[in-house]
Amino acid sequence: GINAEYGSFSSNPPMFMDASVAAAVPAAGVGVGVGAGTGGGVAGDDQDLSEIYALVLDLTHPDNREAALLELSKKRETVPDLAPVLWHSVGTIAALLQEIVTLYPLLSPPKLKAHASNRVCNALALLQCVASHAETRTLFLNAHIPLFLYPFLNTVSKTRPFEYLRLTSLGVIGALVKMDDSDVINFLLSTEIIPLCLRIMETGSELSKTVATFCCAEDSARRSRFELHLCNL
């Protein structure tokens, strides 16, 4: 079954899913701890904030980046304002995008291995955090950052590293479509995300099909409400 095939996924449901979907699908995060809480202490403590700032700073230092990605991906659900810190700190988003584009040469022909997939999935988890936050979501869209994920969604290899990559990328899109935001609807209307999701629904694994279906269904429902609102103006 799904849980046997993707047993290394986190047991926590992705933050973008409704309960009905989450109940049927394990989290679309890799087994290195994406989405897991760290426990202990209060996120607002000065000591904890200092640790977060230090980890964010480490993202801009190549030698420290991998460890910082892992730790921040674990903390992203316990630090409410992590997204604004990531967005407004100098060089951080550029560092996350560098992690993404570094993988492009490994996509075709498919050469992606588990370690590289896990590392970039931690970067994608932080981008999902930015996409989910009310303060940074529009900035995220205006910078067209989701477009950097489309090459990952366009892959067809069925190996586990590629499947993790597609699922975590879908997590970022899912975080966007979950929000009832006209900016999101307009952005998705202007890009090829729906055709990419439809192809995953046809050719992907059972899990990726489920997540892609969720993204399409949410987008269609919100688009219909948006069009109805326009008609009533």
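Residues numbered from 1 in each chain as written. Predicted model: local features only at pLDDT ≥ 70, side-chain atom pairs only at ≥ 80, totals over all residues. Heavy atoms only, no water.

**Student:** Which residues make up the overall build of the protein chain, and what values go with them?
**Tutor:** Across its full length, the protein chain carries 13 helices and 0 strands. Across the protein chain, helices and strands are ordered from the amino to the carboxyl terminus as α-α-α-α-α-α-α-α-α-α-α-α-α. Evaluated residue by residue, the protein chain yields a buried proportion of 48% over its 233 residues. Restricting the contact set of the protein chain to residue pairs at least 6 apart, pairs at least 24 apart contribute 74%. (Helix = DSSP H or I, 4+ residues; strand = E, 2+ residues; numbered from the N terminus. Buried < 20%, exposed > 50% of the residue type's maximum accessible area, 1.4 Å probe, protein only. Contact = heavy atoms within 4.5 Å.)

**Student:** Residue-level account of helix α12 (residues 193–203), with values.
**Tutor:** In an α-helix, one full turn covers 3.6 residues, which means residues spaced three or four apart are oriented alike. For α12, the full list of buried residues reads Ile-193, Leu-196, Cys-197 and Ile-200. The buried residues of α12 occupy an angular sector of 95 degrees when projected down its axis, which confines them to one face. Turned more than 90 degrees off the buried face of α12, the exposed positions are Pro-195 and Glu-202. (Arc of directions from axis to C-beta.)

**Student:** Any chance you could break down the environment of Pro-84 for me, citing the residues and the numbers?
**Tutor:** With respect to the helices and strands, the residue Pro-84 is situated in helix α5 (residues 82–88). The class for Pro-84 is buried, based on a relative accessible area of 9%. Spatially, the C-alpha atoms of Pro-84 and Val-130 are 7.3 Å apart, while their sequence positions differ by 46 residues. Once residues lying within four places of it in the same chain are set aside, the contact partners of Pro-84 are His-133, Glu-135 and Thr-136.

**Student:** Can you tell me about the nonpolar core, naming the residues and giving the values?
**Tutor:** Soluble, globular proteins show a tendency: their nonpolar side chains are buried together. Ranked by internal contacts, the top residues of the largest apolar core, which has 57 residues, are Leu-82, Leu-127, Phe-140 and Leu-165. Ignoring anything within four residues of it in the chain, the contact list for Phe-140 reads Trp-87, Leu-127, Val-130, Ala-131, Ile-145, Pro-146, Val-172 and Leu-176. (Core = buried A, V, L, I, M, F, W, Y, C linked by side-chain atoms within 4.5 Å.)

**Student:** So what's going on with the packing of aromatic side chains? Residues and values would help.
**Tutor:** Summed over all chains, the structure comprises 1 aromatic pair. The interplanar angle of 70 degrees and the centroid separation of 5.9 Å between the aromatic rings of Tyr-104 and Phe-152 together place this pair among those described as edge-to-face. With Tyr-104 in the loop between α6 (92–102) and α7 (114–132) and Phe-152 in helix α9 (residues 150–153), this residue pair connects regions lying 48 residues apart in the sequence. Since its relative accessible area comes to 0%, Phe-152 is described here as buried. (Phe/Tyr/Trp six-rings, centres within 6.5 Å; stacked < 30°, edge-to-face > 60°.)

**Student:** If you had to explain the confidence of the model for the protein chain to someone new, which residues and values would you point to?
**Tutor:** Confidence along the protein chain averages 79 in pLDDT terms, with 73% of residues attaining 70 or more. Within the protein chain, no element has a lower average pLDDT than helix α1 (residues 2–5), which sits at 39, and none a higher one than α6, at 98. Contacts for the low-pLDDT stretch residues 1–44, under 50 throughout, to residues beyond four places or in other chains number 95 contacts. (pLDDT = per-residue confidence, 0-100.)

**Student:** Requested: an account of the pattern of salt bridges, with residues and values cited.
**Tutor:** Scanning the model with the defined rule gives 6 salt bridges in all. For Arg-119, the salt bridge identified is with Glu-66, shortest N-O distance 3.5 Å. Of the two residues, Arg-119 sits in helix α7 while Glu-66 sits in helix α4 (residues 62–75), which places them 53 residues apart along the sequence. Glu-99 serves as the salt-bridge partner of Arg-119, at 2.6 Å between the closest nitrogen and oxygen. Taken as a pair, Arg-119 in helix α7 and Glu-99 in helix α6 lie far apart in primary sequence, 20 residues in all. Arg-119 gets classed as partly exposed once you look at its relative accessible area, which sits at 23%. Here the residues in one salt-bridge network are Arg-65, Glu-66, Glu-99 and Arg-119, joined through shared partners. (Salt bridge = Lys/Arg side-chain N within 4 Å of Asp/Glu carboxyl O.)

**Student:** Please provide a residue-by-residue account of helix α10 (residues 160–177), values included.
**Tutor:** Given a rise of 1.5 Å per residue, 18 residues ought to cover 26 Å, and the 25 Å separating the end C-alpha atoms of α10 matches this to within 8%. Of all 18 residues in α10, 17 are buried, a share of seventy percent or more. (Expected span 1.5 Å × (residues − 1).)

**Student:** Provide a residue-level description of the environment of Asp-58, including the pertinent values.
**Tutor:** As for its placement among the helices and strands, Asp-58 is situated in helix α3 (residues 46–58). Judged by relative accessible area, which is 23%, Asp-58 ranks as partly exposed. Note: C-alpha distance between Asp-58 and Ala-68 (10 residues apart in sequence) is 6.1 Å. Beyond its immediate sequence surroundings of up to four residues, Asp-58 is in contact with Asn-64, Arg-65 and Ala-68.

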